[in-house]
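Structure assessment
Next come the chains, spelled out residue by residue.
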Amino acid sequence: MRYVKLPSENFEGFFESLKLWGNIYAPVKNGGIYTFQPVESASEVDLHYTRTMLPPKKFFFRPRETLLMMEGKKWIEPSDGEKAVLFGVHSCDIHGLKILDKVYLDEPMDPYYKKRRENTLIIGISCMPDEYCFCKSLGTHFTMDGFDLFLHELPDGWLVRIGSVRGHEIAWENGEVFEEVTDDDLANFKEFEEKRAESFQKELPQEGLADMLDLAYNSPVWKKYAEICLACGNCNMVCPTCRCYDVCDRWMDAYKAIRERRYDSCFMENHGLVAGGHNFRPTRLDRFRHRYYCKSYFDPSSGYNCVGCGRCDEFCPAKIEHVKVLEEVRGSLK
Amino acid sequence: MIIETREFTRVEGNGKAEIVIEDGGVKDVRLKIVEGPRFFELLTLGRHYYDVPDLEARICAICYLSHSVASVLGIERAFGVEVPEEVMLLRELGLIGELLESHALHLYLLVAPDLFGYPDAIRMAIKHGELVKEGLAIKALGNRIRDLVGGREIHGINVKPGGFERWPGVEDLEVIERESNGLLTLAKRSVRLFNQITPYGAQARHFIATNGYLWGEKLTSDDEEEFHYTERIEEHSLVYSFAKRSRYKGEPFLVGSLSRLLLKSEMLTPTAKRFFEEHKNKLETGYVSYNNLAQAIELVYALERANKIAKTLLDMGIEGENVPVEPREGEGIGYVEAPRGVLVHHYRINGEGKIEYSNIITPTAFNHAMMEVSLFEEAQKLYGEAGEGEMLQRLEETVRAFDPCISCSVHFVRG
Amino acid sequence: MSENPYQTHDARILEVKDLTPREKLFTMRFLDPKVGENFEFKPGQFVIVDLRGFGEFPISLCSSPTRKGYFQLCIRKVGRMTKFIHKIKEGEVVGIRGPYGNGFPMKNMEGSNLILVAGGLGMAPLRSVLWYAIDTGRYEHIWLLYGTKAYEDILFRDEIVHLLKHGESMNCTVKLAYEVESPSCIYLEQGFSDRVCRGVVTDLFRGESFDVENTYALICGPPVMYKFVIRELLDRKLSPGRIYMTLERRMRCGVGKCGHCVVGTSVSMKYICKDGPVFTYWDALSTRGLI
Amino acid sequence: MMKKKLAIFELTDCGGCALNILFLYERLFDLLEFYEIGEFHMASSAHEGGHYDVGIVTGTVSSHRDLELLKEARNRSDYLMALGTCATHGCLQASVEMPLKEKLKAIYGNEGNPMRALEPKPVVEYVAVDLAIPGCPYDKNELFQALMDIAKGIEPTTPDYPVCIECKLNEYECVLVKKGLPCLGPITLGGCNAVCIRSGLGCIGCRGPLPGEVNPAGEFEILRELGYGEDYIVRKFKTFARWEP
Ligand SMILES: Cc1cc2nc3c(=O)[nH]c(=O)nc-3n(C[C@H](O)[C@H](O)[C@H](O)COP(=O)(O)OP(=O)(O)OC[C@H]3O[C@@H](n4cnc5c(N)ncnc54)[C@H](O)[C@@H]3O)c2cc1C
Ligand code: SF4
Ligand code: SF4
Ligand code: SF4
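An account of the accompanying structure is given in this report. No experiment lies behind these values; they were computed from the predicted model shown.

1. Structural notes on the overall build of chain C
Broken down by element type, chain C carries eight helices and 15 strands. A compact globule built from 291 residues should have a C-alpha radius of gyration of about 19 Å, and chain C, at 19 Å, falls within 12% of that. Taken over the C-alpha atoms alone, chain C extends approximately 55 × 50 × 35 Å along its principal axes. The buried share of chain C, reckoned over its 291 residues, is 59%. Considering only residue pairs separated by 6 or more positions, chain C has 67% of its internal contacts joining residues 24 or more positions apart. Put simply, chain C shows about 11700 Å² of open surface, and 49% of that area lies on carbon and sulfur atoms. Seen as two clouds, the 39 positive and the 33 negative side-chain charges of chain C have centres 5 Å apart.

Now the structure itself:
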């Protein structure tokens, strides 16, 4: 890994220079939430945001997007070649994107996702956990890849890790705004990371999680929580690794149609419904459990389907806590 | 003998008329509102004030914002809440949007087919497509404003006691500024078009409106200083209608565009005023059919005023601060000019903010008596002179001139 | 054609045939001969049918890949899309993408006995296996055990009757169980008393014994059927790894993205469309919720 | 192609659902490629009578006149659509729980019922409909899609998810979680594009409850924890859908 330093006074210059690479999207405060939005200047960005409501997956896998448009009787693809810079992505969200990559870049690749991934720079940024974060226990609080540049806060600037060839090019072309890293910087970096490591209030012990949960399939804890769950699907919508989608054709005018996809949620009653009325997950309990199993699925090559970002807890109207549910389920085995 | 009209078409809601013929002449005319009762007053009783404007909006889709604004004004007056100018300007903008939407609908889609002899605007569009498109364009701007201020084209819930939840942005206002200016030519053209309307219906003798152009603290009339509705207007129920009938000094009176122009011409914007002066003699005859001409002039007013408000708000910059609302015991009346005339929402609210009494009087209810008189006079004029079909057609046009909103009229209350 | 996996290819409906009051057989061919040539599939795979402007739905290929130049889909009228396609006439063009899914491991099973157990519409994908096996002649013996509601519901009735009569010459034994009695069924039963009976599909196992070392079972039917058939097979000591079944779930993409067909728990998660739709009974034992 | 005959029947309501059809603007003309309007009181004096391919009914049945009209609509239409919450759930005007006589007395001051009013009920309480599109008013795009589908010979699709889904698709701040507003989004049928939450306000449930396994009890608890009174919550739940089908 290559490291450089970005002194505070050069931050704005660096930010401006990113515009050459594409439209900049960064976290902005919007009422009581943060969202990734197009920004013009560094001052609009909230560098110390906790988490955006929708994760950065929204840039690659859109909440709603037109897959195909009808022309005559044929489908044509909409073209979208926007170049973008995603500025200020947290480590957990980068891990989230890596998990989505596993699905959307697996053969046959999703061309929409792939194109946007190629056209988008990812600039990571360090963060401090709040009461919802539990990424550290899942090992997603730090990332070694999946970004072009990663900015770590220092008292007088940023320690920048360069994670890709493109990242390297940016650093190269803006040589004047970067400096070499000093021992002091490294000490500060270490101090920051240590302080951060101590700040986590929530933890999800991974040890044996997958098999314990499987064994606890019939635990009464599932039922207890399924009763207070609203099945509203908010947790799915904000999850950086949820990727279910639904497709619908719509008429734009008398003869033109589009095929649109949108985020779907496994909490919806029809998610497991097939023709003839048979439902493979007929009750809220089934669907509740399904989501937890899906998030806790352990793939030997990419780990859990959960990155510990805390969004589902923050946005659950019923205040159901992910870690608490899993811990209780595991506990109920004894 | 009683001749019954079919249910009126190209009006909002369901109503019809009965013409009583005795001794070869028209003896009486009864306007029957057959729309079922809707009990809105009861619905709000005991409800928390905060939710009430959203519910009252549902009284009528064409003038939902008039209802929510009247409701909000009534509630604010009951609590003694004062809101800053920007809030009032935005509310007025909303009412203007409603006026544009409603007048454009009424003039272009509902009345114009009569002028050209079609059953509806869709069939009229085959020959007069431009005209229909012009109407739709004005209507679309009106709806855009309603969406912006009210939160949705129909039944938005953004207008709240104390202010708004969502405030328009600079871009939104710029669009309104631009478009209101752009559409002005169309509105001017509509004045010329609806100037062709012939006089029919009765000649109104009394006119009533709010003391401000689109909303007010009190009512005003052609011969009185300002007053509250409770002081001068009596209403009573009818056996043959779900709407009640009101009288002023024992006589029918008119509310709506024509009344507004005649009573408040000094408040008009420059071009609208010029048009008013030009057609003043005609309008002053008080024929209810000239209400349509008045509506066309009001389109000009609305566009000019919308433009002005957007400019003012852009200059002032929107603060977007709501006024805190503390419920306290009180009584308040909200007066608003719905597109078709004066609308009253009257509440008594208790210390917890719950509605204890509510009374709503809608423009169509105010105009009810005037409509009957108009129908009577028109029927007298035509009975025996014209064929029955022609007479019924003309009677329907007479009712249409009022732009009645029958849905509204079926639930004014005694709480 | 482009690389977009969601793009569909034009296929003309050559023939529409009523199989039963609820099911129709659609014979199709790709308009572009190149696409047709590249369209190679295995029994047990499925395609996604695209009615442009209305939606898409997955359907198993029910013809055998040995029959070239066309492919066939047997579609039951159950809901929105399927009702609509039942109105489509011969000569019209629809969109097709696929083939998708793993299909049955036909190569691995060569030289063995095959027991095809079909319930109702489950006959559709198994018909592809049946004719593939007969056409290639690479399998020891083939049993088709087919459970149906009534005589009118028998899919591919002509073929079934033909095989009842002449199947043995093709190493193929067909057995049929029906639930609702009717003169036609009784007539059939009289003709083939050893192979046609009133009852359910599991009744057809009576009196049959298999060489469990050299036999595979392939099952397709409504969700309730699997449990009973599998018990029957396990009773005869067939290994769970030799029992194949094809499953269905709601699907939007068919290519492992849309998430609707995901099944399992924290230890094992499967996509029906990509990892299936053909699974062994062993998969079902190790992945909860598969059947 | 023969155009389909379309008729719009208005029972007692605010007029919004009929008006909203006109708000389709130029898309109205797209529909007219496939339909011919035979009857539409609000917009047309045409009255063709006879048989209709598609009938749309808006409003609640609030009087004998409404009931007669509804029966006529059902008998004369091949495909009947209940449009708007009034027609599907009864909406506000059906939500006053009080005997009809008392209601009439409270408002008109006498107990007589010369106009033959009925207890307001949704259309679906009286006749079977082929499609129900709720919403006060419904989303006009939903109607457009439905009419296009019907014109082209396929069953329309209907939304089957709560308002929350669309709220999140639009990335609106969750007013229930962040502002503690009483939002009925989690238990209300989506399809409106969460338009009220766009304004920063809680959903008031105008599209009626999401059918199936929803959890009003859970929502009730959440609102109670937020400090809303039980009466208040119950009344809120019932505002639009006392006559839940
Ligand atoms: C791998 C596979 C193979 C299949 N093979 C056949 C076949 O050979 N013949 C046949 O008649 N049917 C088959 N089906 C079932 C067929 O896909 C459904 O009957 C069809 O999707 C129903 O659509 P609909 O619009 O008519 O039903 P509706 O009930 O109106 O369904 C609405 C939507 O739900 C989805 N949906 C409903 N049921 C299913 C389902 N079972 N599978 C996937 N999506 C569903 C569809 O996307 C559909 O558009 C198969 C399904 C799968 C998964
Ligand atoms: S956000 Fe909470 S209430 Fe909603 S579906 Fe998820 S767990 Fe259930
Ligand atoms: S604001 Fe309401 S509709 Fe939106 S997510 Fe929150 S609870 Fe759901
Ligand atoms: S958010 Fe709720 S109240 Fe608003 S339109 Fe949608 S369903 Fe109706």
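2. Points about the interface of chain A and chain C
Each partner contributes residues to the interface: chain A has 47 residues there, and chain C has 37 residues. Overall, the association of chain A and chain C removes approximately 3500 Å² of surface from exposure, summing both partners, and the carbon and sulfur fraction of that is 53%. Summed over the shared surface of chain A and chain C, the result is six salt bridges. For C:D50, the salt bridge is made with A:R259, and the minimal N-O distance between the two is 2.5 Å. Viewed at the interface, chain C and chain A are joined by 27 residue pairs in polar contact (both at pLDDT 80 or more). The class makeup of the residues in the side of chain A that touches chain C is 27 nonpolar, five polar and 15 charged.

3. Comments concerning the interface of chain B and chain D
Accessible area lost upon the coming together of the parts serves often as the stated size of an interface. Contacts between the two partners involve 70 residues from chain B and, on the opposite side, 59 residues from chain D. The contact between chain B and chain D buries some 5500 Å² in all, and 60% of this surface belongs to carbon and sulfur atoms. Connecting chain B to chain D are four salt bridges. The closest approach of N and O atoms between B:E165 and D:K179, which form a salt bridge, is 3.1 Å. The tally of links between chain B and chain D comes to 14 residue pairs in polar contact (both at pLDDT 80 or more). Among the elements of the structure, α1 (40-44), α2 (52-57), α4 (85-116), α5 (121-150) and α13 (388-401) of chain B are those that each provide at least two residues to the side of chain B that touches chain D.

4. A look at the arrangement of the chains
For the four pairs of chains in contact, the largest share of contacts goes to chains B and D. Regarding chain A and chain B, which are not in contact, the minimum distance between any of their C-alpha atoms is 11 Å. There is a gap between chain B and chain C: no contact, and a shortest C-alpha distance of 27 Å.

5. Quick word on the site of ligand 1
Around ligand 1 lies a shell of 23 residues, among which A:A275, C:P58, C:T82, C:E248 and C:R252 are the nearest. The environment around ligand 1 is built from residues contributed by chains A and C. Between ligand 1 and C:S60, the relevant distance is 2.9 Å, taken from a nitrogen atom to a main-chain nitrogen or oxygen of the residue. One of the backbone N or O atoms of C:R249 is found 3.0 Å from a nitrogen atom in ligand 1. When the free accessible area of ligand 1 is taken as 820 Å², the share hidden by the protein chains comes to 88%. When contributions to the shell around ligand 1 are tallied by element, the ones reaching two or more residues are β4 (55-60), β5 (71-76) and α2 (80-86) of chain C. Among the elements that make up the shell around ligand 1, the one with the highest residue count is β4(C) (five residues).

6. Details of the sheet that holds strand β3 (residues 52-58) of chain D
Residues and elements named next belong to chain D. Reading across the sheet, the five strands line up as β2-β1-β3-β5-β7 and stay open at both edges, with parallel pairing between neighbours. The open sheet has two edge strands, β2 (35-40) and β7 (131-133), and neither has a second partner. In this sheet, neighbouring strand axes are inclined to one another by 25° on average, regardless of whether the strands run parallel or antiparallel. Summarising the sheet, strand β1 (residues 4-10) and β3 pair through five bridges and their orientation is parallel. Within β3, the position partnered with L6 by the bridge is V54. Packing against the sheet, helix α6 (residues 140-152) makes contact with β1, β2, β3, β5 (77-83) and β7, and its axis sits at approximately 170° to β5.

7. Description of the site of ligand 4
What surrounds ligand 4 is the set B:R152, D:V163, D:T188, D:C192, D:V195, D:C196, D:I197, D:C203, D:I204, D:G205, D:C206 and D:R207. Residues near ligand 4 are shared among chains B and D, making this a multi-chain site. The leading source of residues in the shell around ligand 4 is helix α9 (residues 195-198) of chain D, at three residues. Of the residues that constitute the shell around ligand 4, the class distribution is eight nonpolar, two polar and two charged.

8. Concerning the packing of aromatic side chains
What the rule picks out here adds up to 46 aromatic pairs over all chains. Pairwise contacts between aromatic rings join A:F60, A:F61, A:Y104, A:Y113, A:Y245 and A:Y263 into one cluster. Note that A:R291 overlies the ring of A:Y292, its terminal NZ or CZ placed 5.1 Å from the centroid. Positioned above the aromatic ring of C:Y216, the side-chain terminus of C:R242 is 4.6 Å from the ring centre.

9. Here we look at the packing of α4(B) against α13(B)
Residues and elements named next belong to chain B. The interhelical angle for the contact between α4 and α13, taken along N-to-C directions, is 160°, at an axis separation of 10 Å. In this view, α4 runs roughly antiparallel relative to α13, as classed from their interaxial angle. For the crossing formed where α4 meets α13, the hand is left-handed. Of the residues in α13, those in contact with H106, L110 and D114 of α4 are Q393, E397, R400 and A401. Broken down by class, the residue content of the contact of α4 with α13 amounts to two nonpolar, two polar and three charged.

10. Focus on helix α1 (residues 11-18) of chain A
Along α1(A), the positions that sit buried rather than exposed are A:F11, A:F14, A:F15, A:S17 and A:L18. Angular distribution of buried residues about the axis of α1(A) spans 160°; they occupy a single face of the element.

11. Topic: the pattern of salt bridges
Residues and elements named next belong to chain A. Summed over all chains, the structure comprises 84 salt bridges over all chains. Where D130 meets R51, a salt bridge forms, and the shortest distance between an N and an O atom there is 2.7 Å. In this pair, D130 sits in the loop between β7 (120-125) and α5 (135-138) while R51 sits in the loop between β3 (33-38) and α2 (57-60), placing the two residues 79 residues apart along the sequence. Exposure remark for D130: the relative accessible area of 14% places this residue in the buried category.

12. Brief notes about the packing of helix α9 (residues 220-228) of chain A against helix α11 (residues 284-295) of chain A
Residue and element names in this part refer to chain A. It is the contact of α9 with α11, at a shortest axis distance of 9 Å, that shows an interaxial angle of 110°. Between α9 and α11, the angle falls in the class roughly perpendicular. Contacts from W222, K223, Y225, A226 and E227 in α9 reach R284, L285, F288, R289, Y292 and Y293 in α11. Along the lines of polarity and charge, the residues of the contact of α9 with α11 split into seven nonpolar, no polar and four charged.

Rules used throughout
Residues numbered from 1 in each chain as written. Chains lettered and ligands numbered in written order. Predicted model: local features only at pLDDT ≥ 70, side-chain atom pairs only at ≥ 80, totals over all residues. Heavy atoms only, no water. Helix = DSSP H or I, 4+ residues; strand = E, 2+ residues; numbered from the N terminus. Rg over C-alpha atoms; globule rule 2.2 N^0.38 Å. Buried < 20%, exposed > 50% of the residue type's maximum accessible area, 1.4 Å probe, protein only. Contact = heavy atoms within 4.5 Å. Areas by Shrake-Rupley, 256 points an atom, 1.4 Å probe, with all protein chains shown as cover. Lys, Arg positive; Asp, Glu negative; His and termini not counted. Charge placed at Lys NZ, Arg CZ, Asp CG, Glu CD. Buried area = accessible area lost by both parts, 1.4 Å probe. Salt bridge = Lys/Arg side-chain N within 4 Å of Asp/Glu carboxyl O. Polar contact = N/O pair within 3.5 Å; in protein donor to acceptor, adjacent residues only side chain to side chain. Nonpolar A, V, L, I, M, F, W, Y, C, P; charged D, E, K, R; others polar. Near = heavy atom within 4 Å. Pairing = 2+ DSSP bridges. Axes fitted to C-alpha atoms, helices over the stretch in contact; angles between N-to-C directions. Phe/Tyr/Trp six-rings, centres within 6.5 Å; stacked < 30°, edge-to-face > 60°. Lys NZ or Arg CZ within 6 Å of the ring centre and 35° of its normal. Parallel < 35°, antiparallel > 145°, perpendicular 65-115°, else oblique. Left-handed = near helix turned anticlockwise from the far one by under 90°. Arc of directions from axis to C-beta.

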